[in-house]
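The primary structure of each chain is shown beneath.
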Amino acid sequence: MSNIKKQLGQRIKEIRKSKNITQEQLAEKVGIGTANISYIETGKFAPTIENFEKIAQVLEVQPYELYMFPAQKTREDMIKELFPALEKDEKLLNLIYKFYITLKQ
């Protein structure tokens, strides 16, 4: 599954929720099924150009704003966030360790 489709879907969902619009309302205004909005938001489908335009109009944003993905965190920022969390949460530490061991093999 395309990372861009996932990011686009997450961005659409984020904007939709910030405007207190349900998937059903967005689907109705765009003229597609609710399941299609769900598939778009999860990155399973990419919207057609026509539906992309309609989604932007309904959400009252410029089309380019739907591609304004959040910046990835730097290595240092991830370490600063992760280490204190691991020190506080033993279950999280165990889970991350098991994941690490699995990848290491």
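The structure this text deals with has already been given above.
Residues numbered from 1 in each chain as written. Predicted model: local features only at pLDDT ≥ 70, side-chain atom pairs only at ≥ 80, totals over all residues. Heavy atoms only, no water.

Some details on the overall build of the chain
Part 1 of the argument: Secondary structure assignment for the chain yields six helices and zero strands.
Part 2 of the argument: Written out in order from the N terminus, the α and β elements of the chain read α-α-α-α-α-α.
Part 3 of the argument: For the chain, the C-alpha atoms occupy an extent of roughly 50 × 25 × 20 Å along the three principal directions.
Part 4 of the argument: The buried share of the chain, reckoned over its 105 residues, is 25%. (Helix = DSSP H or I, 4+ residues; strand = E, 2+ residues; numbered from the N terminus. Buried < 20%, exposed > 50% of the residue type's maximum accessible area, 1.4 Å probe, protein only.)

Topic: the environment of Leu59
Part 1 of the argument: Topologically, Leu59 is positioned in helix 4 (residues 49-59).
Part 2 of the argument: Expressed as a C-alpha distance, the spacing of Leu59 and Gln7, which sit 52 residues apart in the sequence, is 17 Å.
Part 3 of the argument: The residues contacting Leu59, other than those within four sequence positions of it, are Ile12, Ile15, Arg16, Lys19, Ile21, Leu26 and Leu66. (Contact = heavy atoms within 4.5 Å.)

Let's talk about the packing of aromatic side chains
Part 1 of the argument: For the coordinates displayed, the defined rule picks out four aromatic pairs.
Part 2 of the argument: Pairing Phe52 with Tyr67 gives two aromatic rings, centres 5.5 Å apart and planes at 40°, and the pair type is tilted. With a gap of 15 residues between them, Phe52 in helix 4 and Tyr67 in the loop between helix 4 and helix 5 (75-88) connect regions that are remote in the sequence.
Part 3 of the argument: A relative accessible area of 41% means that Tyr67 is categorised as partly exposed.
Part 4 of the argument: On the numbers, 6.4 Å between centres and 40° between planes, the contact of Tyr97 with Tyr100 is tilted. Residue Tyr97 and its partner Tyr100 are both found in helix 6 (residues 90-104); the two are separated by three residues, about one turn of the helix.
Part 5 of the argument: The exposure class assigned to Tyr100 is partly exposed, which follows from its relative accessible area of 45%.
Part 6 of the argument: Three or more aromatic residues joined by ring pairs form one cluster here, namely Phe52, Tyr67 and Phe69. (Phe/Tyr/Trp six-rings, centres within 6.5 Å; stacked < 30°, edge-to-face > 60°.)

Comments concerning the environment of Phe69
Part 1 of the argument: Here Phe69 shows up in the loop between helix 4 and helix 5.
Part 2 of the argument: Residue Phe69 is classed as partly exposed on the basis of its relative accessible area of 23%.
Part 3 of the argument: Sequence separation between Phe69 and Ser38 is 31 residues, and the spatial gap between their C-alpha atoms is 19 Å.
Part 4 of the argument: When sequence neighbours within four positions are dropped, the list of residues in contact with Phe69 reads Ile4, Gln7, Leu8 and Arg11.

Some points on helix 2 (residues 23-30)
Part 1 of the argument: Residues of helix 2 that are buried: Leu26, Ala27 and Val30. The buried residues of helix 2 occupy an angular sector of 100° when projected down its axis, which confines them to one face. Within helix 2, the exposed residues directed more than 90 degrees away from the buried face are Glu28 and Lys29.
Part 2 of the argument: Buried-residue contacts for helix 2 involve helix 1 (3-18), helix 3 (34-41) and helix 4.
Part 3 of the argument: Residue Gly31 follows helix 2 closely and has a positive phi angle near 90°. (Arc of directions from axis to C-beta.)

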